[in-house]
Amino acid sequence: MPCPLTESDELVFFVNGKKVTEKNVDPEVTLLAFLRKNLCLTGTKYACGRGGCGACTVMVSKHDPVSKKIRHFSVAACLVPICSLYGAAVTTVEGVGSIKTRLHPVQERIAKSHGTQCGFCTPGMVMSMYALLRNHPQPSEGQLMEALGGNLCRCTGYRPILQSGRTFCKEADGCQQQGTGQCCLDQRENNCPSLSSKNDICTELFAEEEFQPLDPTQELIFPPELLRMAENPEKRTLTFSGERVTWISPGTLQDLLELKVKHPEAPLVLGNTSLGPAMKSRGHFHPILLSPGRISELKMVTKTSDGLTIGAGCSLAQVKDILAESISELPEEKTRTYQALLKHLQSLAGQQIRNMASLGGHIISRHCYSDLNPVLAVGNAILNLLSEGGPRQIPLNDHFLAGVVSADLKPEEILESVFIPHSQKWEFVAAFRQAQCQQNALPDVNAGMRVLFTEGTDTIEDLGIIYGGVGVSTVSAHKSCRQLLGRHWNERMMDEACRLLLDEVSLPGSAPGGKVEFKRTLLVSFFFKFYLEVSQELKTQVKLFSVPVSLHSRRYPEIAPSSLSTLRDFPGTIPEGVQTYQRVDSHQPLQDPVGRPIMHLSGLKHATGEAIFCDDIPRVDKELFMALVTSTRAHAKIISIDPSEALQLPGVVDVVTAEDIPGTNGTDDDKLLAIDEVLCVGQIICAVVADTDVQAKRATEKIKITYEDLEPVIFTIEDAIKHGSFLCPEKKLEQGNIEEAFEMVDQIVEGEVHVGGQEHFYMETQRVLVIPKTEDKELEIYVSTQDPAHVQKTVSSTLNIPINRITCHVKRVGGGFGGKVGRPAVFGALAAVGAIKTGRPICLVLDREDDMLITGGRHPLFGKYKVGFMNSGRIKALDIKCYINGGCVLDDSELVIEFLILKLENAYKIRNLRFRGRACMTNLPSNTAFRGFGFPQGTLVTESCITAVAAKCGLPPEKIREKNMYKTVDKTIYKQAFNPEPLIRCWNECLDKSSFHSRRMQVEEFNKKNYWKKKGIAIVPMKFSVGFGATSYHQAAALVHIYTDGSVLVTHGGNELGQGIHTKMLQVASRELKLPMSYMHICETSTATVPNTIATAASIGADVNGRAVQNACQILLKRLEPIIKKNPEGRWEDWIQAAFEQRISLSATGYFRGYKAFMDWEKGEGDPFPYYVYGAACSEVEVDCLTGAHKKIRTDIVMDACCSLNPAIDIGQIEGSFIQGMGLYTTEELHYSPEGVLYSRSPDEYKIPTITDVPEQFNVSLLPSSQTPLTIYSSKGLGESGMFLGSSVFFAIGDAVAAARRQRDITADFTVKSPATPERVRMACTDWFTEMIPRDDPKTFKPWSIPIA
Ligand SMILES: Cc1cc2nc3c(=O)[nH]c(=O)nc-3n(C[C@H](O)[C@H](O)[C@H](O)COP(=O)(O)OP(=O)(O)OC[C@H]3O[C@@H](n4cnc5c(N)ncnc54)[C@H](O)[C@@H]3O)c2cc1C
Ligand code: FES
Ligand code: FES
């Protein structure tokens, strides 16, 4: 309950130079909510609410009481409590620049460099870069990477964003490939992608010389009023009281200490990065919050002869700077603890979080995964505590970390500062961490290690080893350390240490977080790294005594001092790359934009935050908010739903259940709202409608649902097969005589492939706003969807009103990737039911957790193969059976399995084939469409067969690929004719551009010399069929109006998902009407202007809609022809005026009756796809065999785009989908509990690629023109195909692992499961450490998570 304190004070801060004073501020409100709701500054986006994505980044400026300077820093607004901003200035994307007034160079450059696609992440990117430039107008590339490390983008693949940022960097002159300082244009022989000497090839996607310069004098100044406030700080305690929570901000240290006595249970809020997420997601509640933000004593830094004392209130970013400064000032031997801390501070979270999180908050939170606590503890840090009773010191040791009361703070105490002693000459400190990916990911395991030797010897005098991530708190191996005292630092000690550590740090098989064997292996692998590092140090330090007994052995192969770097973590390097495309014909009129790299139409608006997404629409009168109640059981009967308690809560207006649906409740198999039975955790049961989103969400927790569990409960593909639980009949294609062929071959291999699912992780979660009209049951629906017609139809049947009363509007979608084809209809229908029931507009915005829980994603796959081949590598017979985990209802699973089977042969001509596929029904949320639609999973099976054949033949996989690839005009397995010539060209160009063969040799050379790090290289070909397999889907319409001022309004049936379809459509209209694009506009996609549209999916959106726009424009031009002929020198405006006067219609509908697709599954024959996209990708990686981490060294992609409509957009699609594919195959891992609950529901638990995952060298080239007569101007749809090319990284990792296994003489077959996470890679690089760890009998424990593929 709120504390009965005095009245609320007035909160004063500035936003974008304007003063904000809030009288009755609610401490529970975050800056993000305040900006969006109170100030209507919707440029700052909500995407995760947990500090993990950067979409909500804004800049905060504060006067630093210690340095007396203004500090500008980026923060995640979703975690900033509004009350913490007293006296601060906030700058949002709107304050940086605007298309209405003046664009800021950051905004201009990100847009013009094609760094925006859907644009949802763009304001956050802009703000991160802007904050960087405020501090460093000419930053280094390293600083740029650091600044963007906390910002996720799901569309672009980051390369263009980085490229825009680099234009500000001091190193940015010349391309400086691979840090040689030489431009790639000058160094062809150095494996650098070459530019063709032909002048029809182009590598510039934007003109940098057009960018306006950065002028720091133009920036908003820190408000003088705030400066005055800071110079005469308010010493009074400020109190802000809300409905449930009171925020108290004392002005002096003494007041803080008194308050701590008065409210011992109240936490201190510093960065709120630990408290905030716990309050949001784990239901923690604190009625009183104490904010020491104004107390300068907590920010003091003191340097003494024996160490550093850092104020607990310093942010982690400040700590990083302080440590870096000390490292540069002090002798190396004194800074080893600081270096270890600095190493972790470079990868801990993103910049925004490091700017917010405090050292004190980090230490006191004692997260089991804390990166700093283990290092601080082994470094003998001391905590300086304060209370009214006076100061006290306690060691930051294992007792403190374990929360032992006697070693902890007393409730009335606070942490004032932390003393971190200098290290000594004979003391070595190191830090280790391994996470799912390098940056912005919580560690799986981390460690701090320290050893002190007796001077001049290798005798251990003191040893500290502390691990994080392996227990409920940080774990010290103090017993092992004690036992090793007095030992020499040699191999025998190493052996003994491993045994002791594994004994002492035991991790049960059921440990939360799973990955138990991996974690055990890391315990000893980290120690081994420490052992080697220290051994090397000892060798260089000690000339006096003989170094350890030989380090070299089979078990612990030594590394040469020159290769010491291989021990270290991979450095974060700045990606480079070249994008190559064909220049338009020199005769093409300048006005004709087709084929040119035109910027995304909304690019500038994305960058200024002026692009309106569904949830940015200003609130409508009487708008209510809806939140969903979902099942907590996987398969159960619903006994009762009791909403009574929820209905009593303030602000709650109604609860919507299945009984409120006037029409049909979905289909028999797929209900909108569950009635009697639930089929998965996350199934929607009912919905609460309330005045605010917060009230609606809180009320969902008070709805009481009683269940009776039902059998069977099936989650895994294996169980589904056992129970015969399938969603649809088997799909099968066969050619040749497979059984006979198996009789004739030299060898046969059988194997299994597992491919995990994938979450769409579109940055904009599912959103819809339904506005009921007063007349004729009309409804206006604003929805984030790829298929508004489907939303419209579903709402119509749900409400039982004709389709013509419902209008769906889609302005733009913040990423879809297939996830917004089917599901938005459900949310639209539910919101519509709420709107009809209450008679008021309903807004439904899924939070990230619910979105991930409810909506399903890519189908996990289990594939079995049997492949027969000759010793030459020629495959004669291939039998593949695939099972996908479809979840609880059919959705798109049957189509996915059909597409998967149709596309499974990929680029290979194998005479005898049998492909079978089934969609399993399980008690999981239904999986659905996802970019590539089965192809990325299925083809991984085919390519894995190739790798297996290569291994058996002793040949490199690329030879097997080449040998079996289609070579001449041929027919696919389903007898569709095609010409593989562009495929072969892509393959050859890719081999050539990547200098594949010479690099293969270099990789082998490297591998010979390095035992603990291995490189791998792989090249994969691709034949990807675009389009839907049904004729009715190949149609589109457009509506083009010309107004009397000559302006043109184009509308078509495609939706803008970030893929630039609107830009392309205006390029088409511009060519057809021979009119500059500046005359044209696209407002939105609406079911009222173009009816009965097809989902924007299957890569053909621009193809079919482009033809419809073309048709409409041609009709109009034909009508205008006589007028133009009469007055050929006239202006467009004159012709239009004349046409109007002559009563010529200036509006036309265009229609495209597309490709006839058919597939006869009985006969196994058809013509299901209009055309193929071909491509090839080569990737090289380096793997750390001790941790499983990998670095992407280089990727080269060659893609056949035919005549690209817009090379910037098409290259963007290729890069974005490649990186998304790379995520699928390497880091994106979903975890389910044994009860079928999805654990991975936020960016903390589910890792999509970040900026540091982009290959160091990333080259994309579009194959010089081939032709495809079927599409608009012979262009090709490239939306999905690049996904699969991400598998080149997967196979390169596999190649590196194979090299490691060969060197270790491991002959057993192996397949790395997808995703090739550090866990899987580490465990596949079998060695002494993986063998020594204890293994549990799976029957003896319940695992934390279950594999569902
Ligand atoms: C997206 C994200 C990613 C992250 N990634 C990592 C990572 O990779 N590695 C890692 O180690 N951590 C990570 N973290 C955790 C982060 O380091 C901690 O949340 C942060 O350091 C806590 O500091 P804070 O100032 O925000 O604490 P707050 O949330 O403000 O407070 C936390 C607790 O500390 C107490 N407290 C704070 N200061 C004092 C004081 N002076 N005296 C007494 N008690 C005090 C409070 O009472 C409260 O209980 C991540 C967090 C987020 C949100
Ligand atoms: S919404 Fe704030 S970081 Fe994701
Ligand atoms: S453009 Fe970055 S998320 Fe879409």
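See the structure shown above.
Novice: Explain the overall build of the chain to me, please; I cannot follow it from the model alone.
Specialist: What the chain contains, in helices and strands, is 39 helices and 47 strands. A compact globule built from 1349 residues would reach a C-alpha radius of gyration of about 34 Å, and the chain, at 31 Å, matches this within 12%. Taken along its principal axes, the extent of the C-alpha atoms in the chain is 95 × 80 × 70 Å. For the chain, the residues scored as buried account for 64% of the 1349 residues in total. If you sum the accessible surface of the chain, you get close to 48,100 Å²; carbon and sulfur atoms cover 52% of it. Looking at the chain, you have 143 positive and 156 negative side-chain charges, and the mean spots of the two groups are 2 Å apart.

Novice: What am I meant to see in the pattern of salt bridges here?
Specialist: Close approach of charged atoms lets side chains of opposite charge pair. Counted under the stated rule, the structure contains 81 salt bridges. Among the ionic pairs, glutamate 496 bridges to arginine 499, the shortest N-O distance being 2.8 Å. Highlighted residues: glutamate 496 and arginine 499, both in helix 17 (residues 491-504), separated by three residues, approximately one helical turn. For arginine 499, a relative accessible area of 44% gives the class partly exposed.

Novice: In this structure, what is going on with the site of ligand 1? I would like to understand it.
Specialist: Near ligand 1, the surroundings consist of 35 residues, among which Leu270, Thr273, Leu275, Ser358 and Asp371 are the closest. Leucine 275 is positioned such that a nitrogen or oxygen atom in its backbone is 2.8 Å from an oxygen atom of ligand 1. Measuring from a nitrogen atom of ligand 1, one finds a backbone N or O atom of leucine 415 at 2.9 Å. Here ligand 1 loses 94% of its free accessible area of 980 Å² to cover by the protein chains. Of all the secondary-structure elements, those providing two or more residues to the shell around ligand 1 are helix 13 (359-365) and strand 14 (414-421). Per-element accounting of the shell around ligand 1 gives the leading share, five residues, to helix 13. Here the shell around ligand 1 is built from residues that sort into 19 nonpolar, 12 polar and four charged.

Novice: How do you make sense of the packing of aromatic side chains when you look at a structure like this?
Specialist: The geometry of two aromatic rings is summed up by the distance between their centres and the angle between their planes. Inspection of every chain in the model, using the stated rule, returns 33 aromatic pairs. A centroid spacing of 5.9 Å and a plane angle of 35° characterise the contact between tryptophan 489 and tyrosine 531, whose relative ring orientation is tilted. Here the residue tryptophan 489 occupies a position in the loop between helix 16 (478-484) and helix 17, and tyrosine 531 occupies one in helix 18 (residues 516-541), the gap between them amounting to 42 residues. Of the two residues, tryptophan 489 and tyrosine 531, neither departs from the other in class, the shared state being buried. In this structure an aromatic cluster arises from ring pairing among Phe428, Phe432, Phe453, Trp489, Phe526, Phe527, Phe528, Phe530, Tyr531, Tyr1011, Trp1012 and Phe1329. Here arginine 366 stacks its cationic end above the ring of phenylalanine 400, 4.3 Å away from the centre of that ring. Between the NZ or CZ atom of arginine 858 and the centre of the ring of phenylalanine 930, over which it lies, the distance is 4.2 Å.

Novice: Explain the pairing of strand 15 (residues 427-435) to me, please; I cannot follow it from the model alone.
Specialist: On a regular strand, each side chain points to the face opposite its neighbour's, so the side chains alternate between the two faces of the sheet. Of all nine residues in strand 15, nine are buried, a share of seventy percent or more. Neither face of strand 15 is left uncovered, since the one carrying Glu427, Val429, Ala431, Arg433 and Ala435 and the one carrying Phe428, Ala430, Phe432 and Gln434 both have all their residues buried. With nine bridges connecting them, strand 15 and strand 16 (residues 443-453) associate as antiparallel partners. The partner of alanine 431 across the bridge, within strand 16, is glycine 448.

Novice: Just to check I follow, could you spell out the side chain of arginine 596 for this structure?
Specialist: Tracing the backbone through its elements, the reader meets arginine 596 in the loop between strand 19 (579-582) and helix 19 (603-608). An unpaired buried charge is present at arginine 596: no salt bridge exists, and aspartate 592, the closest side chain of opposite charge, is 6.0 Å distant. Of the polar contacts made by the side chain of arginine 596, one reaches the backbone oxygen of aspartate 592; its length is 2.9 Å. Ignoring sequence-local partners within four residues, the contact set of arginine 596 consists of Val584, Gln588, Pro589, Leu590, Gln1067, Leu1205, Asn1206 and Pro1207.

Novice: What's the story with the sheet that holds strand 28 (residues 767-772) in this structure? I'm lost.
Specialist: Sheet strands line up and pair through hydrogen bonds in the backbone, either parallel or antiparallel. If you trace the eight strands from one edge of the open sheet to the other, you get 22-24-20-31-28-29-30-41, paired in mixed fashion. In this open sheet, the two edge strands, each paired with only one partner strand, are strand 22 (652-656) and strand 41 (1085-1086). When strand 20 (residues 624-630) meets strand 24 (residues 684-690), the two strands line up antiparallel, connected through six bridges. Bridging across to strand 24, threonine 630 finds its partner in isoleucine 684. Where helix 21 (residues 693-700) meets the sheet, it contacts strand 20, strand 22 and strand 24, and its direction lies at approximately 25° from that of strand 20. Contacting strand 29 (779-783), strand 30 (806-810) and strand 41, helix 24 (residues 788-799) runs over the sheet at an angle of about 150° to strand 30.

Novice: Is there a simple way to think about the sheet that holds strand 9 (residues 288-290) in this case?
Specialist: A sheet is described by the order of its strands in space; here three strands give the open sequence 7-8-9, paired in mixed fashion. Two strands close off the open sheet at either side, each with one partner strand: strand 7 (238-241) and strand 9. In this sheet, neighbouring strand axes are inclined to one another by 15° on average, regardless of whether the strands run parallel or antiparallel. As judged from the four bridges shared by strand 7 and strand 8 (residues 246-249), these two strands associate in the antiparallel manner. Among the inter-strand pairings, leucine 238 is bridged to a residue of strand 8, identified as serine 249.

Novice: Looking at this structure, I do not really get the pairing of strand 31 (residues 842-845). What am I missing?
Specialist: With three bridges joining them, strand 20 and strand 31 adopt parallel strand pairing. The residue of strand 31 that forms the bridge with methionine 626 is leucine 844. Bridging between strand 28 and strand 31 involves four bridges; their strand directions are antiparallel. Bridging across to strand 31, leucine 769 finds its partner in cysteine 843.

Novice: In this structure, what is going on with the environment of valine 106? I would like to understand it.
Specialist: Summarising the element assignment, valine 106 is placed in helix 3 (residues 105-112). Judged by its relative accessible area of 1%, valine 106 falls in the buried class. Each C-alpha atom, one on valine 106 and one on serine 1261, is 27 Å from the other, the two residues being 1155 residues apart in sequence. Look past the residues within four positions of valine 106 in its chain and what remains in contact with it is Val126, Met129, Tyr130, Leu133 and Phe168.

Novice: Honestly, helix 25 (residues 823-838) in this entry has me stumped. Any pointers?
Specialist: Residues spaced three or four apart along an α-helix point in a common direction, a consequence of the helix completing one turn every 3.6 residues. When the terminal C-alpha atoms of helix 25 are compared, their 23 Å separation across 16 residues agrees well with the 22 Å that a helix rising 1.5 Å per residue should span. With 13 of 16 residues buried, helix 25 lies mostly within the body of the structure. After helix 25 finishes, the residue glycine 839 shows a positive phi value of roughly 75°.

Calculation rules
- Residues numbered from 1 in each chain as written.
- Chains lettered and ligands numbered in written order.
- Predicted model: local features only at pLDDT ≥ 70, side-chain atom pairs only at ≥ 80, totals over all residues.
- Heavy atoms only, no water.
- Helix = DSSP H or I, 4+ residues; strand = E, 2+ residues; numbered from the N terminus.
- Rg over C-alpha atoms; globule rule 2.2 N^0.38 Å.
- Buried < 20%, exposed > 50% of the residue type's maximum accessible area, 1.4 Å probe, protein only.
- Areas by Shrake-Rupley, 256 points an atom, 1.4 Å probe, with all protein chains shown as cover.
- Lys, Arg positive; Asp, Glu negative; His and termini not counted.
- Charge placed at Lys NZ, Arg CZ, Asp CG, Glu CD.
- Salt bridge = Lys/Arg side-chain N within 4 Å of Asp/Glu carboxyl O.
- Near = heavy atom within 4 Å.
- Polar contact = N/O pair within 3.5 Å; in protein donor to acceptor, adjacent residues only side chain to side chain.
- Nonpolar A, V, L, I, M, F, W, Y, C, P; charged D, E, K, R; others polar.
- Phe/Tyr/Trp six-rings, centres within 6.5 Å; stacked < 30°, edge-to-face > 60°.
- Lys NZ or Arg CZ within 6 Å of the ring centre and 35° of its normal.
- Pairing = 2+ DSSP bridges.
- Contact = heavy atoms within 4.5 Å.
- Axes fitted to C-alpha atoms, helices over the stretch in contact; angles between N-to-C directions.
- Expected span 1.5 Å × (residues − 1).

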